[in-house]
Amino acid sequence: MKKLIAAALFTFILLVSCTPQASTAPAIPGTAFSTAEQIAQGKTIFENSCGKCHKLPDPASHNPVQWVGIMNSMAPKAKLTDEQHQWVYDYIVSGKK
Ligand code: HEC
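Residues numbered from 1 in each chain as written. Predicted model: local features only at pLDDT ≥ 70, side-chain atom pairs only at ≥ 80, totals over all residues.

- In the nomenclature of an unreviewed UniProt entry, the protein corresponds to Cytochrome C from the organism Chryseobacterium pennipullorum.

**Regarding the overall build of the protein**
- Counting secondary structure elements, the protein contains four helices and zero strands.
- Listing every helix and strand of the protein by position from the N terminus yields α-α-α-α.
- Residue pairs at least 24 apart in sequence account for 76% of intrachain contacts in the protein once pairs closer than 6 positions are excluded. (Helix = DSSP H or I, 4+ residues; strand = E, 2+ residues; numbered from the N terminus. Contact = placed C-beta atoms within 7 Å.)

**A short note on the environment of Thr-44**
- With respect to the element layout, Thr-44 can be found in helix α2 (residues 36-49).
- Among the residues examined, Thr-44 registers 12 C-beta atoms within 10 Å and is labelled exposed. (Buried ≥ 20, exposed ≤ 12 C-beta atoms within 10 Å, placed from the backbone.)

**What about unusual backbone geometry?**
- Unlike most non-glycine residues, Lys-79 shows phi in positive territory, near 55 degrees.
- The exposure class of Lys-79 is exposed, given the 8 C-beta atoms found within 10 Å.

**Re the site of the ligand**
- In the vicinity of the ligand, 14 residues are found, and the nearest of them are Cys-50, Cys-53, Met-74, Lys-77 and Ala-78.
- Here the element with the most residues in the shell around the ligand is helix α3 (residues 64-77); it accounts for five residues. (Near = placed C-beta within 6 Å.)

**A few points about the nonpolar core**
- Counting residues in each nonpolar core, the largest one holds eleven residues, listed as Phe-46, Cys-50, Trp-67, Met-71, Leu-80, Trp-87, Val-88, Tyr-89, Tyr-91, Ile-92 and Val-93.
- Listing elements by their share of this core, those giving two or more residues are α3 and α4 (82-94).
- In terms of residue count, α4 provides more of this core than any other element does, six residues in total. (Core = buried A, V, L, I, M, F, W, Y, C linked by C-beta atoms within 7 Å.)

**A few points about the packing of α3 against α4**
- Running from N to C, α3 and α4 point in directions that differ by 145 degrees, and their axes come no closer than 10 Å. Read as a crossing pair, α3 and α4 show a hand that is right-handed. Contacts between α3 and α4 involve Pro-64, Trp-67, Met-71 and Ala-75 from the first element and His-85, Val-88, Tyr-89, Ile-92 and Val-93 from the second.
- Here the contact of α3 with α4 is built from residues that sort into eight nonpolar, one polar and no charged. (Axes fitted to C-alpha atoms, helices over the stretch in contact; angles between N-to-C directions. Left-handed = near helix turned anticlockwise from the far one by under 90°. Nonpolar A, V, L, I, M, F, W, Y, C, P; charged D, E, K, R; others polar.)

**Some thoughts on α4**
- Taking 1.5 Å per residue, 13 residues should reach 18 Å; α4 reaches 18 Å between its end C-alpha atoms and fits that length.
- Within α4, burial applies to His-85, Gln-86, Trp-87, Val-88, Tyr-89, Asp-90, Tyr-91, Ile-92 and Val-93.
- Following α4 by one or two positions, Gly-95 adopts a phi angle in the positive range, close to 75 degrees. (Expected span 1.5 Å × (residues − 1).)

**Focus on α3**
- Between its first and last C-alpha, α3 extends 19 Å over 14 residues, near the 20 Å set by a 1.5 Å rise per residue.
- Of all the bends in α3, the largest measures some 35 degrees and sits at Met-71. (Bend = angle between axes of the 7 residues up to and from the residue.)

**Brief notes about the packing of α2 against α4**
- Viewed as axis vectors pointing N to C, α2 and α4 meet at an angle of 95 degrees, and their least axial separation amounts to 7 Å. Accordingly, the angle class assigned to the pair α2 and α4 is roughly perpendicular. Contact residues: α2 offers Gln-38, Ile-39, Gln-41, Gly-42, Lys-43, Ile-45 and Phe-46, while α4 offers Gln-84, Trp-87, Val-88, Asp-90, Tyr-91, Ile-92 and Ser-94.
- In terms of residue class, the contact of α2 with α4 is built from seven nonpolar, five polar and two charged. (Parallel < 35°, antiparallel > 145°, perpendicular 65-115°, else oblique.)

In structure tokens form, the structure reads like this:
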């Protein structure tokens, strides 16, 4: 089962990376489309919204692919808009403190 998921992910990344004009959403792991300003906004939203129910997670605790799934389940909990979801994701994977 894990193998299947890995294969599906790999195919997805391959497909996306072979499409030159891929749209900016959904987020492609490891690719930053956001400006420094949006990443800074993401940080603020992250700090204000993501520590409410549990302690603020460490961005380094998961890889960018894992964060896609986590953000998909956490963004609705934090009531983020699609844009905020994207900014928070970009902040997390940007490696910026
Ligand atoms: C309304 C409450 C709530 C908010 C707001 C919230 N979370 Fe969570 N979070 C949870 C709960 C409950 C769990 C554990 C159960 C689960 O995984 O659904 C969790 C688990 C997690 C985990 C652990 C997942 C894993 O697989 O180890 C991470 C990381 C996380 N949240 C990140 C975030 C981020 C980032 C945000 C902000 C966008 C956020 N959370 C906002 C309730 C919340």
